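# Observations on the three-dimensional arrangement
The primary structure of each chain is shown beneath.
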Amino acid sequence: MSEMQKRAAQIERNTNETQIALSFGVDGAGESKQDSGVPFLNHMLDLFTKHGHFDLTVKAKGDIEIDYHHTVEDIGICLGHSLREALGDKKGIKRYGNAFVPMDDALAQVVIDISNRPHLEYRATYPTNVVGQFPTELVHEFLWKFALEARINLHVILHYGHNTHHMIEAIFKALGRALDEATTIDPRVKGVPSTKGVL
């Protein structure tokens, strides 16, 4: 795919709580540059980017002295918005993606429909409420805002596991792989892959 054809977008979001600059490329090389102020989220976004073969740069400054909530939420918003913008009219995409990823003791599954109908189905429970300083409830917050802004149908199923870090890592790897499949251009697809004629 030539440089002119690459699907990419960038966004800046500035509020009283966060200042975020994010660029996202669907047709990337797995290049990740994360500076969110939230180390665990940096790690998860690195995994998402590498396994999805995307390019993602995040520069964020937020009110992390209060907690990580606003920063994680707003990065999810920005990533979802940039994905929707980068995909444009969605012509030729596979639309659906499904990935199972094991991570030692954990097994996660992510299923995606790039449907223009935002929904998150999240089936995950963890043995601990935090990983380091990162609250596990923020995984749901990030995924919900991402799905909402990207306008995708996102199903996340954590089948099992006993190490919280491994469980969340499996989810983000599966998210990258499922999204990679769903956004792939399929030469058999003529126009938009929907009987409605629009996504």
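Before any of the text, the structure's been laid out above.
Thresholds applied
- Residues numbered from 1 in each chain as written.
- Predicted model: local features only at pLDDT ≥ 70, side-chain atom pairs only at ≥ 80, totals over all residues.
- Heavy atoms only, no water.
- Axes fitted to C-alpha atoms, helices over the stretch in contact; angles between N-to-C directions.
- Helix = DSSP H or I, 4+ residues; strand = E, 2+ residues; numbered from the N terminus.
- Parallel < 35°, antiparallel > 145°, perpendicular 65-115°, else oblique.
- Left-handed = near helix turned anticlockwise from the far one by under 90°.
- Contact = heavy atoms within 4.5 Å.
- Nonpolar A, V, L, I, M, F, W, Y, C, P; charged D, E, K, R; others polar.
- Polar contact = N/O pair within 3.5 Å; in protein donor to acceptor, adjacent residues only side chain to side chain.
- Buried < 20%, exposed > 50% of the residue type's maximum accessible area, 1.4 Å probe, protein only.
- Pairing = 2+ DSSP bridges.

Turning our eyes to something else, we now look at the packing of helix 3 (residues 137–150) against helix 4 (residues 164–183). Across the interface, helix 3 lies against helix 4 with an axial gap of 12 Å and an inter-helix angle of 15°. One finds that helix 3 runs roughly parallel with respect to helix 4. Of the two elements, helix 3 crosses helix 4, and the hand of that crossing is left-handed. On helix 4, the residues touching Val139, Phe142, Leu143 and Phe146 of helix 3 are Ile168, Ile171, Phe172, Leu175 and Leu179. Within the contact of helix 3 with helix 4, the residues separate by chemical class into nine nonpolar, no polar and no charged.

Inspection of the secondary structure puts Thr164 in helix 4. Polar contacts involving the side chain of Thr164 include one to the side chain of Thr128, which spans 2.7 Å. Not counting the four nearest positions on each side in its chain, Thr164 is found in contact with Tyr126, Pro127, Thr128, Val131 and Thr136.

Taking every second residue as pointing to the same face, the buried face of strand 5 (residues 96–103) carries Gly97, Ala99, Val101 and Met103, while none of Tyr96, Asn98, Phe100 and Pro102 on the other face is buried. Bridge count for strand 5 against strand 6 (residues 106–113) is eight bridges, and the pairing is antiparallel. Looking at strand 6, one finds that Met103 is bridged to Ala106.

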